[in-house]
Amino acid sequence: MQEVKTDDVLDSTLRIKIESALTRKLDLRLMPIFALIYMMHNMDRNAVAAARLQGLEKHLGLSGVQYNAVVAILYASAAPVPILYNMVWPWNISIRPSIFIGACVVVWGIASVLIGVTNNFTGIMICRAFLGVAEAAFLPGGVYLLSNWYTRRQLAFRIAILWCGSFISNAFGSLVAAGVLGHMEGERGLPAWRWLFFIEGSITIVLGLMAMIILPDYARDTRWLSASELHLAQVRLAEEAGEADQDTSQDSAWTGFKMAITDVKVLLFMMKVFTTSIGSGVGNFFPTLTATLGYPTTITLLLTAPPWIFALIFSLINALSADRTGERFFHYAFWHFIGILGFIIGISTSAIGARYFMLYLLASASAGAPLGPVWLTNTISRPPAKRAAAIGLIGTCSNVGHIIGSFVWKGTWGPTYHKSMIISLCCAVLSVSVALVIRQKLIRENRALDAQESLLLCGPNRERIEEFARLEGITFEEALVRKNGLRYLY
């Protein structure tokens, strides 16, 4: 494509051509590598569930409580990390996102490989702790990076593609585990579960090195985009909010954190993701729950795949619909009701057919998961310092919820796990209730936006609108009119 002047970008015909090329380049660069990394993210953290079926507990001498601690330590070590990463990283412009994210992926790959050489409870706890710290950077950092490149109407489908990595890992990770655990027992004198960590960790390291080369950085300095594409990347995000997607001289990591933690909407999102994470703890024990059907290890791992394939398909359809309609709550809550139905079936019957159908429902309940961070970034879009802090806070609450969720599925409550299902069901109901409160609050705030025009005429708000007007080539008054057209998506 021929180079054009940045002043010509806003010409409607030329803009469509440049924007299509920009989106294609971003999709090709971002989405495949992000999906693959997130796939390994989940395979590496959930490998202990598959390894448990092939003797990990016996070889390391773990009790049931110690195994739960091994699951939980990953989330405990990760809990404070997202907010620290997202507060520091956006402000250290010398750290390129591609290098930062890629390096974290390499570190967690190394930690995963080292799990394969551990011989006791202490060793695996240390490795899982390092795994948690390194992994914690990816999802909040990835979501923040995507929100710096894609518009609100593009973001849900892209984050759903990222989330596909999770569904693929839950489905085909079980198939990979079945192959490794079924055919590598005794190779070079090692149990098969050790080979599982060696293989998956090595793949992760390679993906981390690739990410350093492939991922984009910021819209102001990405090397493989033309000047006109970089300019348009900034303009189209600025158009949505009526202000530039950049912080002013008065913004900082600390002010962003204070704005986020004192915003009731952010607190509600934190509560929503906390309850959701407790209820979704079933994902860490999916092979164990499938094993209650009574089949051998290899068949059990094969049976875990189909429910997650359906969840992947439902997630993409749901995200496309959410992007096209702009609706958020019902696209999020519907899948929680599917999960609630699954728990009710699990509590009500022990029939093998019904319980396997329950697994389809529980996996499909995750189809609405990508809408969580999408809805947050749509709602807390400006300034970037606040958005970064909000994403970090949500990541921290998610990890805390997963810590609790790790102890919900206690081995002593098996094989029916009725108590676990009741707790998870209650958490799903609470999550939907909080989401409904968020929806009603956003509806009220949309009605009140017209009364707040005077607040846009001074301080940092005015600076961002002036920068937006400069990018667009319009007057401040015209930019103000566009700003007043912003509405929350609910």
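Preceding block: the structure.
Being a predicted model, the structure only gives us computed values, none of them experimental.

Peer 1: Lay out the overall build of the protein chain with the relevant residues and their values.
Peer 2: Regarding its fold elements, the protein chain presents 22 helices and 0 strands. By residue count, 59% of the 490 residues in the protein chain fall in the buried class. Accessible surface, the protein chain as shown: approximately 19000 Å² in total, 67% of it carbon and sulfur.

Peer 1: Lay out helix α3 (residues 64-78) in plain terms, naming residues and giving numbers.
Peer 2: Residues three or four positions apart in an α-helix share a direction because the helix packs 3.6 residues into each turn. In this model, α3 (15 residues) spans 22 Å end to end at C-alpha, consistent with the 21 Å of a helix rising 1.5 Å per residue. Along α3, the residues classified as buried are Y67, N68, A69, V70, V71, A72, L74, Y75, S77 and A78.

Peer 1: Any details on a nonpolar patch on the surface? Residues and values, ideally.
Peer 2: On the surface, F172, L175, L302, I309, I313 and I317 cluster together to form a nonpolar patch covering roughly 490 Å² of accessible area. For the nonpolar patch, the secondary-structure elements that each account for two or more residues are α8 (152-183) and α15 (305-325). Looking at which element gives the most residues to the nonpolar patch, the answer is α15, with 3 residues. By the element assignment, L302 lies in helix α14 (residues 297-303).

Peer 1: Please give an account of the nonpolar core that cites residues and values.
Peer 2: Membership of the largest hydrophobic core comes to 135 residues, with the highest contact counts inside it found for L30, F34, L146, W149, L289 and W409. With 16 residues, the single largest contributor to this core is helix α1 (residues 12-52). Apart from the residues lying within four places of it in its own chain, the contact partners of F34 are I101, F138, G142, L145, L146, L162 and L215.

Peer 1: Please set out the pattern of salt bridges residue by residue, giving values where relevant.
Peer 2: Evaluated as defined, the whole model comprises 6 salt bridges. The salt bridge partner of E57 is R52, with a shortest N-O separation of 3.0 Å. Like R52, E57 is buried. Salt-bridge contacts for E445 lead to K441; the nearest nitrogen and oxygen are separated by 3.2 Å.

Peer 1: Can you lay out the packing of aromatic side chains for me, pointing to particular residues and giving the numbers?
Peer 2: With the rule as written, the count across this model stands at 17 aromatic pairs. Geometrically, the ring pair formed by Y38 and W163 is edge-to-face, given 5.6 Å between the ring centres and 70 degrees between the ring planes. In this pair, Y38 sits in helix α1 while W163 sits in helix α8, placing the two residues 125 residues apart along the sequence. Take Y38 and W163: they sit in the same class, and that class is buried. Note on Y332 and W375: the rings are 6.5 Å apart at their centroids and 55 degrees apart in plane angle, and the pair reads as tilted. Of this pair, Y332 sits in helix α16 (residues 329-348) while W375 sits in helix α18 (residues 371-379), and the two are 43 residues apart along the sequence.

Peer 1: Outline the side chain of S424, listing residues and values.
Peer 2: Topologically, S424 is positioned in helix α20 (residues 418-448). Once you skip the residues sitting within four places of it in the chain, S424 turns out to touch I278, G279, F343, V408 and W409.

Peer 1: I'd love a proper account of the environment of A233, names of residues and values included.
Peer 2: Relative to the helices and strands, A233 resides in helix α10 (residues 227-241). Here A233 falls in the buried class, since its relative accessible area comes to 1%. Taking the C-alpha atoms as reference points, A233 and N148, separated by 85 residues in sequence, lie 8.7 Å from one another.

Conventions adopted
- Residues numbered from 1 in each chain as written.
- Predicted model: local features only at pLDDT ≥ 70, side-chain atom pairs only at ≥ 80, totals over all residues.
- Heavy atoms only, no water.
- Helix = DSSP H or I, 4+ residues; strand = E, 2+ residues; numbered from the N terminus.
- Buried < 20%, exposed > 50% of the residue type's maximum accessible area, 1.4 Å probe, protein only.
- Areas by Shrake-Rupley, 256 points an atom, 1.4 Å probe, with all protein chains shown as cover.
- Expected span 1.5 Å × (residues − 1).
- Patch = residues over 30% accessible without salt bridge, like charges linked within 9 Å, V, L, I, M, F, W, Y side chains within 5 Å.
- Salt bridge = Lys/Arg side-chain N within 4 Å of Asp/Glu carboxyl O.
- Core = buried A, V, L, I, M, F, W, Y, C linked by side-chain atoms within 4.5 Å.
- Contact = heavy atoms within 4.5 Å.
- Phe/Tyr/Trp six-rings, centres within 6.5 Å; stacked < 30°, edge-to-face > 60°.

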